[in-house]
Each structure stands twice: as C-alpha cells, then as structure tokens.
Amino acid sequence: MTNDELIKQWEAEEAFAFEGWDFSHLNGRWDSPEPTWDYKKIISAYLKDTDILLDMGTGGGEFLLTLEHPYNKTFATEAYEPNFKLCLKKLSPLGITVKQTYTDENLNADDKLPFDNDFFDVIINRHESFDLEEVDRTLKQGGYFITQQVGNQSNRELMHRLNDNNDPYLPHHTLDKYVETLVSLGFQIINTDETIYPTKIFDVGALVFFAKIIVWEFPGFSVKTHREKLLDFQHDINEKGYIESTDHRFLIVARKM
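The text that follows walks through the structure, step by step, so that each part is easy to find. Positions within a chain are numbered from 1, following the residues in the order the chain's sequence is written. The predicted nature of this model means local features are confined to residues of pLDDT at least 70 and side-chain atom pairs, given and counted, to a pLDDT of 80 or more, with totals for whole chains, interfaces and linings taken over all residues. Note: side-chain values were computed over all heavy atoms of the structure, leaving out hydrogens and water.

Next up on the list: the environment of Leu175. Here a strand is any run of E in DSSP of at least two residues, a helix any run of H or I of at least four, and the numbering for each starts at the N terminus. Take Leu175: it is sitting in helix H7 (residues 175-184). The cut-offs for exposure are 20% and 50% of the maximum accessible area for each residue type, with area from a 1.4 Å probe on protein chains only; residues under the lower value are buried, those over the upper are exposed, and the others partly exposed. Judged by relative accessible area, which is 8%, Leu175 ranks as buried. Linking Leu175 and Val253, residues 78 residues apart in sequence, is a C-alpha distance of 11 Å. Sequence-distant contacts of Leu175, defined by excluding residues within four places in its chain, comprise Thr192, Asp193, Glu194, Phe250, Leu251 and Ile252. Working rule for contacts: check all heavy atoms of both residues, and any pair within 4.5 Å makes them a contact.

Below, the structure written as structure tokens:
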C-alpha cells in the first residue's frame with residue numbers, strides 16, 4: 001500500500017464518528033488487558049438498592065446502565081457536550097438525572113458538582129477528573145467513593161513520539177497522592193490497587209482514532225500535522241506487526257468517616 005493510500009485510510013479513521021464512550025471500533029486492533037480487579041463487582045459490593053448513586057463522567061452511560069441501579073436513585077454528570085446530549089436522550093427518559101459539568105464559558109467547571117451537600121451514598125468515577133473536596137462535600141457521612149483511574153504512566157511512549165518528546169505528565173495524578181488527600185479529608189481507605197502492563201496496537205488507524213479522541217494526551221493531533229510521525233509508526237507495524245505502549249490503572253475505595 002502506498003503512503004497516499006495509508007494517509008487516506010487514516011483520514012477516514014480521524015473522521016470516524018465517536019459517540020458516548022464506546023471504543024468497540026478498536027476491537028481486535030488494540031491489545032490492552034483489563035485490570036486485575038473487577039470494577040463492577042467492587043461497586044456492587046458497596047452499592048445497595050436504597051443508595052443514591054452518582055456516576056461522574058458517565059460518557060454515554062454505557063457502564064452505568066450495566067449496574068442496573070434503580071433509575072430514580074441514579075444521577076450522572078458528563079462534561080463533553082455531544083455525550084451530554086446523548087445522555088439526555090438515552091438516560092433521562094429512564095428517570096436518571098443527568099447534569100452537565102462543563103460549559104464553553106467556564107472551561108474549569110468539569111470538577112464542580114451541581115448538587116447539594118451530603119447528597120450521595122455512593123459516588124463512582126471511572127477515568128474522569130475529580131475534585132476530592134467536591135466529592136467530600138456531596139458525599140454523605142458513611143458514604144463510599146469508588147474510582148478507577150488512568151494513571152499518569154499510560155501511553156507515555158506514544159505521547160513522547162507524537163508530541164515531540166513532550167507529554168502532559170501529571171505528577172499529582174498518582175494513587176499515593178489521592179490516598180494522601182483522602183486521608184487528610186478524613187476518609188478511611190478501604191481498598192487500593194494498581195497495575196501497569198504492556199499494550200500492543202496492531203494498526204496505525206487505531207492509533208489515529210484513539211489520538212483524535214484523547215485530546216488531553218495528544219494536543220494538536222491530526223493526520224495532516226503528524227503525517228511523518230504516523231508513517232514512522234507504520235514502519236514499526238511493518239517490522240514487528242505492532243506498536244508498543246503501556247497502560248496504567250489504579251483503584252481506590254474510600255469511605256467518608
């Protein structure tokens with residue numbers, strides 16, 4: 001395949017419609033093992049049918065709906081405008097309350113929770129930013145905060161290569177830092193876990209699709225501006241059959257005392 005034909009393929013990946021937080025388009029193209037823990041099973045161990053639940057950064061509500069929690073006791077936030085509109089169509093008719101936490105006028109509002117003090121019994125957060133003081137404010141005494149996060153070691157190799165050896169490294173985004181803050185706020189740490197593991201990407205188009213979505217890791221990315229770098233990744237595919245990267249996840253279960 002010529003370079004021009006590859007570029008056309010990658011431009012099609014860049015334009016591929018992405019809705020909710022559904023990465024099924026990458027199935028079979030990106031080998032990234034699941035964490036050693038079962039996030040859904042952990043939540044189920046602490047979530048009762050009578051609890052008022054918040055899912056922060058719900059995406060399109062895909063994971064939230066698998067919990068099958070009573071809809072009238074389920075709340076969700078979403079920052080990204082297209083996903084928020086999707087949630088209004090998909091979740092609101094079920095009786096789930098959806099609030100947007102991001103507006104173009106206030107770019108720093110995504111961590112602020114538009115809810116009263118001491119409102120929730122359980123707050124869950126899967127790969128979404130958060131402000132622990134807001135979690136503390138809106139969580140009832142005795143309530144649980146359960147989060148699975150993408151650690152700051154994820155995709156470092158890819159970020160270095162695509163971002164000219166610069167990456168948006170977040171030194172505070174670590175398991176230890178969040179545990180330290182939670183303890184200072186008076187939380188009891190129930191459980192923590194962490195894993196770092198290798199991943200393999202089997203075609204450059206998959207990387208293009210991913211990079212155009214995860215804009216905070218790949219700022220300014222486009223096929224046009226990163227053409228030569230993408231061709232360099234294609235060389236890896238031709239030589240080894242895959243591109244190497246790393247995934248980093250950590251888990252926290254904490255109780256407000």
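Paired strands, in this sense, are two strands between which DSSP finds at least two bridges. Across the sheet, which stays open at both edges, the 8 strands sit in the order E1-E7-E8-E6-E5-E2-E3-E4 with mixed pairing between neighbours. In this open sheet, the two strands that pair with only one neighbour each are strand E1 (30-31) and strand E4 (97-100). Bridge count between strand E2 (residues 53-56) and strand E5 (residues 120-126): 4 bridges; the pairing is parallel. The partner of Leu54 across the bridge, within E5, is Ile123. Together, E5, strand E6 (139-150), strand E7 (187-201) and strand E8 (243-256) form the strand contacts of helix H2 (residues 39-46), whose direction differs from that of E6 by roughly 175°. Geometry is summarised by axes, namely lines fitted to C-alpha atoms with helices restricted to the contacting stretch, and by angles between N-to-C directions that run from 0 to 180 degrees.

What follows covers helix H9 (residues 227-240). One less than the number of residues in a helix, times 1.5 Å, gives the span that helix is expected to have. For H9, which comprises 14 residues, the first-to-last C-alpha distance of 20 Å matches the rise-based estimate of 20 Å (1.5 Å per residue) to within 8%. Residues of H9 that are buried include every one of Leu230, Leu231, Phe233, Gln234, Asp236 and Ile237, and no others. Here the buried face of H9 lies against helix H1 (3-15), helix H6 (156-162), E7, helix H8 (204-213) and E8.

Turning our eyes to something else, we now look at the side chain of Ser245. Relative to the helices and strands, Ser245 is located in strand E8. Given the relative accessible area of 4%, Ser245 is considered buried. Those residues within four positions of Ser245 in sequence are excluded, and the remaining contacts are Asn155, Glu157, Leu158, Tyr197, Pro198 and Thr199.

What follows is about the packing of aromatic side chains. Paired rings are identified among Phe, Tyr and Trp, the last through its six-membered ring, by centres lying within 6.5 Å, and are further divided according to the angle between planes into stacked (under 30 degrees), edge-to-face (over 60) and tilted (the rest). Taken as a whole and judged by the stated rule, the model has 15 aromatic pairs. When the centroid spacing of 5.8 Å and the interplanar angle of 80° are considered together, the rings of Phe16 and Phe209 count as edge-to-face. With Phe16 in the loop between H1 and E1 and Phe209 in helix H8, the pair connects residues that are 193 residues apart, well separated along the chain. With a relative accessible area of 0%, Phe209 lands in the buried category. Summarising the aromatic geometry, the rings of Phe115 and Phe119 are spaced 6.0 Å apart at their centres and angled 20° between planes, so their arrangement reads as stacked. Ring-pair connections join several aromatic residues into one group, and the members of that group are Phe23, Trp30, Phe210 and Phe218. Only when the NZ of Lys or the CZ of Arg is both within 6 Å of the ring centre and within 35 degrees of the ring normal is a charge said to sit over the ring. Over the face of the ring belonging to Phe63 we find Arg126, whose NZ or CZ atom lies 5.5 Å from the ring centre.

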